[in-house]
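# Structural characterization, general
Chain by chain, the residues:
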Amino acid sequence: MIKVSSPGKLVLFGEHAVLHGKPCIVTAIDQRMFVKIKRTNKDISVKSSQMGINKYVISLKELKKKHPKEIRFVLKSIENFFEKYKIKSGLKVETTSEFSSKIGFGTSAAVTVSTIKALDELFKTNMEEKDIFELAYKTVLDIQGLGSGVDIAASTYGGTLYYKNGGEVIKPIKTNKIPLVIGYTGIKADTTKLVKKVSILKKRYPSLVNPIFDLLEKINKEARKAMSKKDYKRLGELMNFNQGLLSAAKVSCIELERLINAAREAGAYGAKLSGAGGGDCMVAVVENRKRYDVEKAIRRAGGTVIKANLGAEGVRLEK
Ligand code: PMV
């Protein structure tokens with residue numbers, strides 16, 4: 001029996017812009033997705049408690065068929081892995097997660113990365129991190145048709161990363177512990193819809209939306225400087241700029257704005273949405289002596305505070 005885990009993610013700067021050629025910054029969080037796997041004589045059976053799937057059994061021949069969305073990423077990972085390494089085998093797979101699939105921490109990416117790493121360990125295919133990233137990215141694109149792969153990079157490599165679309169650049173950023181508060185809106189974001197909405201806006205207003213992306217790139221550069229200098233006041237203020245531009249691109253929503261404003265009012269250096277927008281989570285940079293007040297303000301504004309450490313280790317074999 002092989003057991004592996006990989007972390008969830010939070011985008012800190014440059015979401016959406018990353019799909020238009022600009023860099024973003026992502027961090028892995030210490031809430032993990034676990035995949036256990038073992039060989040069996042025939043059939044592939046998947047249990048995914050966090051997705052409400054108790055047992056789903058198919059024959060090898062049925063791998064290519066359409067499967068319930070809750071376990072599509074696991075089965076597509078197996079299909080792609082078997083195809084790449086010319087393997088045929090029965091399997092028993094079980095996934096469990098420390099985070100809910102509803103909060104935008106990148107469940108699909110983490111389960112894909114963990115499944116591929118587990119298969120790599122099981123069949124001793126000696127995949128490097130880059131191979132895992134590439135096969136996981138292909139798998140997610142096969143299913144979703146779009147995405148920058150930023151969540152896959154965080155799950156695979158861990159840490160905090162400077163990232164460009166499709167893994168064109170994946171560079172670790174050295175940071176100390178960024179003092180961050182995470183607030184969850186309670187609403188599940190529809191990433192695909194929001195990504196398409198931004199593309200439509202860009203087509204209608206190229207002379208306005210392109211400069212927004214250019215500014216987001218400048219903010220990214222400043223943010224990396226602020227991180228390396230541990231200038232968290234500046235980092236928070238840069239988040240405010242980033243949020244303003246995301247609002248202009250209409251991917252924020254009233255629930256996110258409520259939590260963001262509550263955090264700012266309670267003394268955060270700055271705050272913004274994290275990920276696609278339209279729900280999921282916001283993040284705020286908060287000096288330690290204001291943490292309690294900011295968390296309280298987020299709860300009062302209807303949010304749930306989520307505790308997580310940043311810069312967590314990437315995909316790994318568990319003992
Ligand atoms: O997966 P989400 O909803 O956290 O969004 C990730 C960031 C986007 O730039 C909006 C999408 C992507 O694939 O990069």
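Read on for a plain summary of the structure. (Residues numbered from 1 in each chain as written. Predicted model: local features only at pLDDT ≥ 70, side-chain atom pairs only at ≥ 80, totals over all residues. Heavy atoms only, no water.)

### Digging into the packing of helix H6 (residues 206–228) against helix H7 (residues 232–248)
This is how the line gets drawn: Axes here refer to lines fitted to C-alpha atoms; in helices the fit is confined to the stretch in contact. Angles between the N-to-C directions go from 0 to 180 degrees. Helix and strand definitions here come from DSSP, where helices need a minimum of 4 consecutive H or I residues and strands a minimum of 2 consecutive E residues; each element is numbered from the N-terminal end. With respect to orientation, any angle under 35 degrees is reported as roughly parallel, any angle over 145 as roughly antiparallel, any angle of 65 to 115 as roughly perpendicular, and every other angle as oblique. Should the near helix be turned anticlockwise from the far one by less than a right angle, the crossing is termed left-handed; should it be turned clockwise, right-handed. In this description, contact between two residues means that some pair of their heavy atoms is separated by no more than 4.5 Å.
With their axes 9 Å apart at the nearest point, H6 and H7 run at an angle of 165 degrees to one another. By the criterion of interaxial angle, the relationship of H6 to H7 is roughly antiparallel. Classified by chirality, the crossing of H7 by H6 is left-handed. Along its contact with H6, which presents Ile212, Leu215, Leu216, Ile219, Glu222, Ala223, Ala226 and Met227, the element H7 presents Arg234, Leu235, Leu238, Phe241, Asn242, Leu245 and Ala248.

### Thoughts on the environment of Gly302
Inclusion rule: Any residue under 20% of the maximum accessible area for its type is buried, any over 50% is exposed, and the rest in between are partly exposed; the area is computed with a 1.4 Å probe on protein chains only.
Note that Gly302 resides in the loop between helix H9 (291–300) and strand E11 (304–306). Overall, the relative accessible area of 53% leaves Gly302 in the exposed class. Sequence spacing of Gly302 and Lys117 is 185 residues, and the spatial spacing of their C-alpha atoms is 38 Å. Each residue touching Gly302, except ones within four places of it in the same chain, is listed here: Thr185 and Leu259.

### Let's talk about unusual backbone geometry
In the Ramachandran plot, Lys124 falls in the positive-phi region, its phi being about 50 degrees despite a non-glycine side chain. Within the fold, Lys124 resides in the loop between helix H2 (107–123) and helix H3 (129–144). Note on Lys124: relative accessible area 65%, which makes it exposed. Of note in the backbone geometry, Lys250 takes a positive phi value of approximately 60 degrees without being a glycine. Structurally, Lys250 can be placed in the loop between H7 and helix H8 (254–265).

### Examining the pattern of salt bridges
Definition in use: Definition used for salt bridges: Asp or Glu carboxyl oxygen within 4 Å of a side-chain nitrogen of Lys or Arg.
For the structure shown, the criterion picks out 21 salt bridges. Salt-bridge contacts for Glu15 lead to Lys272; the nearest nitrogen and oxygen are separated by 2.9 Å. Placement of Glu15 in the loop between strand E1 (2–13) and strand E2 (24–40) and of Lys272 in strand E9 (residues 270–274) is noted, with a sequence separation of 257 residues between them. For the pair Glu15 and Lys272, one class covers both residues: buried. Linking Glu62 and Lys65 is a salt bridge whose minimum nitrogen-to-oxygen distance equals 3.9 Å. Relative accessible area serves as the criterion here: at 53%, Lys65 is assigned to the exposed category. Linked through salt bridges whose partners overlap, the residues forming this network are Lys64, Lys76, Glu79 and Glu83.

### Things to note about the environment of Glu237
Mapped onto the fold, Glu237 is located in helix H7. Overall, the relative accessible area of 34% leaves Glu237 in the partly exposed class. With 14 residues separating them in the primary sequence, Glu237 and Ala223 have C-alpha atoms 9.5 Å apart. Once residues lying within four places of it in the same chain are set aside, the contact partners of Glu237 are Tyr269 and Gly270.

### So, a positive patch on the surface
Rule in force here: Note on patches: the residues involved have over 30% relative accessible area and no salt bridge, like charges join within 9 Å, and the nonpolar side chains Val, Leu, Ile, Met, Phe, Trp and Tyr join within 5 Å. Computed by Shrake-Rupley with a 1.4 Å probe, the accessible areas treat only the displayed protein chains as cover when residues are assessed. Positive: Lys, Arg. Negative: Asp, Glu. His and the chain ends are not part of the count. Where a charge lies is defined by one atom per residue type: Lys uses NZ, Arg uses CZ, Asp uses CG and Glu uses CD.
Residues Lys36, Lys38, Lys47, Lys55 and Lys92 make up a contiguous surface patch of positive charge. Under the relative-accessibility criterion, Lys38 is labelled partly exposed at 33%.

### Some remarks on the site of the ligand
The cut-off we apply is this: If a single non-hydrogen atom of a residue is within 4 Å of a molecule or strand, that residue counts as near it. Two N or O atoms count as a polar contact when they lie within 3.5 Å, although within protein this holds only if one can serve as hydrogen donor and the other as acceptor, and sequence-adjacent residues are included solely when both atoms are side-chain atoms. Put simply, Ala, Val, Leu, Ile, Met, Phe, Trp, Tyr, Cys and Pro go in the nonpolar bin, Asp, Glu, Lys and Arg in the charged bin, and everything else, Gly too, in the polar bin.
Taken together, Lys9, Glu15, His16, Val18, Leu19, Gly104, Gly147, Ser148, Val150, Thr191, Gly275 and Ala276 form the complete shell of residues around the ligand. Ser148 is positioned with one of its side-chain polar atoms (N or O) 2.5 Å from an oxygen atom of the ligand. In the environment of the ligand, an oxygen atom lies 2.6 Å from a nitrogen or oxygen atom belonging to the side chain of Thr191. Here the ligand has 370 Å² of accessible area as a free molecule, and 92% of this is covered by the chains. Of the residues assigned to the shell around the ligand, the class counts are four nonpolar, six polar and two charged.

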